[in-house]
Each structure stands twice: as structure tokens, then as C-alpha cells.
Amino acid sequence: MDTMDTSNSWEKVLPSLDIADRAAPGREAGDPAALAKRTLDITIALSGAVLLAPLAAAMAIAMKVESRGPVLFVSRRLGRDGHVFRCVKFRTMTADGQVTRLGGLLRRFGLDELPQLVNVLRGEMSLVGPRPVMAADSPESEVPRLRRFEVNPGMTGLWALHQAHWSELHSYISPDESYRKNWSVWLDVVILMRCLGAALAGRGH
């Protein structure tokens, strides 16, 4: 999900949480905490995909009726270890770059990001993680030195709890590095609940 306007910035989120299980950087896939995170991802993403399928179908039909163009917008993003993957979301703009009425509504409630549940199920993304960087925004030489690529990017994360909008690669580093160093299943749950609350209140982006 894109930036959500909430009352707490990411700098205030970590100190306010009692994080008992602080993860060491670069946990391997076989680590119990990493397995718990993946289990949480699959459980929520699969449940969400099934429960929200009728809503997604209705939005797709409305999108085709309102404007010409594909239902999905696909972009090339950098995943774990810098691997490029195809990140999907509902199209919210016309061919000339104007946000459609339906697109504005989807963005407001964060519903344009629903197709990314497929990316989560495929293991390309996590529900919570660093913001997915556009492949074109990151020089190949940058990937090995940025430890944010040690984990999967997320549909949401600490970056979504910041009030500012970031567009440059260097702007991702601070909240993403904080998440990478401090992540735990408990932290993921708290971030998901706060971002869900913002989306339900119509502060998606």
C-alpha cells in the first residue's frame, strides 16, 4: 500500500512498542521467526483473497465500464536479493495520467493494492516489509550494499506510517532499515492493524 496518513510517524512507532522478539539482521528462510512470518503471510493473504474475491471482481467490472484500459497495472519492482518481479495492482489512472473516479476511491481505502496478495502468495512480497522499489529507480550497483534487500518488500510497512511521500531511493533507507533490524511477528501484526485502521477510515493514500 502507498503512504497512509496516520497520527504516528514511523520514528514514533518503534519506541511505542514493547518488542520482545527483536530479530537479528538477515534471518534465513529456515529460521523459526521467518517461518512464522511466512505462515502469517500465507494465512492472511489466502483468506483475504478468498473473502475479497467478489469485491475484487465487482471492482474489475466497474473499472472496465468507467474507462478504457487493462484492469491491472503491472510494474517491475526489486524483491529480495534484488530479484526483479512483476508487482500488480488495480489500475487507477487513464492513459493520459488522470486518476479515475473509481481509482480515487480505491486509493482512498487502499483497495488498489489488493492484487498484491497474489505477489505475497507467490513469495515475492510480504504483507509487511520495506517499500517495494521500482526496478528503474535503483542502479544495479546499489543493491548489494543496501541491506533492505535481505527481506521481501511489503504491501505495507513502517514507511506507510509516515506522513511524508517519498520518491527517491535514498528516502526509503531509514524506515526500511529500522524495520529490517527490528522485525518480529508481533511488529508485523501491530503495523497491519494500524494500517488497516487507516484504510478503513479512508486514509489509504
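Quick look at the structure, then. Bear in mind the structure is a predicted one, so any value in this text is a computation, not a measurement.

Attention now moves to the pairing of strand 1 (residues 72-78). Regular strands have side chains that alternate between both faces of the sheet. Relative to strand 2 (residues 84-90), strand 1 is paired through 7 bridges, and the arrangement is antiparallel. Bridge pairing links serine 75 to cysteine 87 in strand 2. Where strand 1 folds back on strand 2, the antiparallel hairpin that results is connected by 5 residues, among which aspartate 81 adopts a positive phi of roughly 60°. Examined bridge by bridge, strand 1 and strand 4 (residues 133-134) share 2 bridges and lie antiparallel to one another. Looking across to strand 4, one finds that arginine 77 is bridged to methionine 134.

Residue position: lysine 89 is located in strand 2. Within polar-contact distance, the side chain of lysine 89 engages the side chain of aspartate 112 at 3.3 Å.

The subject of this paragraph is helix 3 (residues 53-66). An α-helix turns once per 3.6 residues; consequently, residues spaced three or four apart project the same way. The terminal C-alpha atoms of helix 3, which comprises 14 residues, lie 20 Å apart, in line with the 20 Å expected from a rise of 1.5 Å per residue. Within helix 3 the residues assigned to the buried category are Met59, Ala60 and Met63. All buried residues of helix 3 project into a common sector of 100° when viewed along the axis, lining one side. In helix 3, the exposed residues that point more than 90 degrees away from the buried face are Pro54, Ile61 and Val65. Tucked into the core, helix 3 has its buried residues touching strand 2 and helix 4 (101-108).

Moving on: the environment of glycine 110. Note on placement: glycine 110 falls in the loop between helix 4 and helix 5 (116-121). The class of glycine 110 is buried, set by a relative accessible area of 5%. Considering only alpha carbons, one finds glycine 110 and glycine 202, 92 residues apart in sequence, at a separation of 8.1 Å.

Cut-offs and rules
Just so you know, the residues in each chain are numbered from 1, in the order the chain's sequence is written. This being a predicted model, a pLDDT of at least 70 is required before a residue's local features are given, and a value of 80 or more before pairs of side-chain atoms are given or counted; all residues contribute to the totals for chains, interfaces and linings. Side-chain metrics rest on all non-hydrogen atoms present in the structure, leaving aside hydrogens and water. In short, DSSP must find at least two bridges between two strands for them to pair. Comment: elements are numbered from the N terminus, with helices defined as DSSP H or I runs of at least four residues and strands as E runs of at least two. Here a polar contact means two N or O atoms within 3.5 Å. Within protein one must be a hydrogen donor candidate and the other an acceptor candidate, and residues neighboring in sequence count only if both atoms are side-chain atoms. An expected span of 1.5 Å times one less than the residue number is assigned to each helix. Working definition: with a 1.4 Å probe on protein chains only, accessible area under 20% of the residue-type maximum means buried, over 50% means exposed, and in between means partly exposed. In this context, the arc is that of the directions from the helix axis out to the C-beta atoms. Here a residue-residue contact requires only that any non-hydrogen atoms of the pair lie within 4.5 Å.

Function cannot be read off these values alone, since they describe shape.
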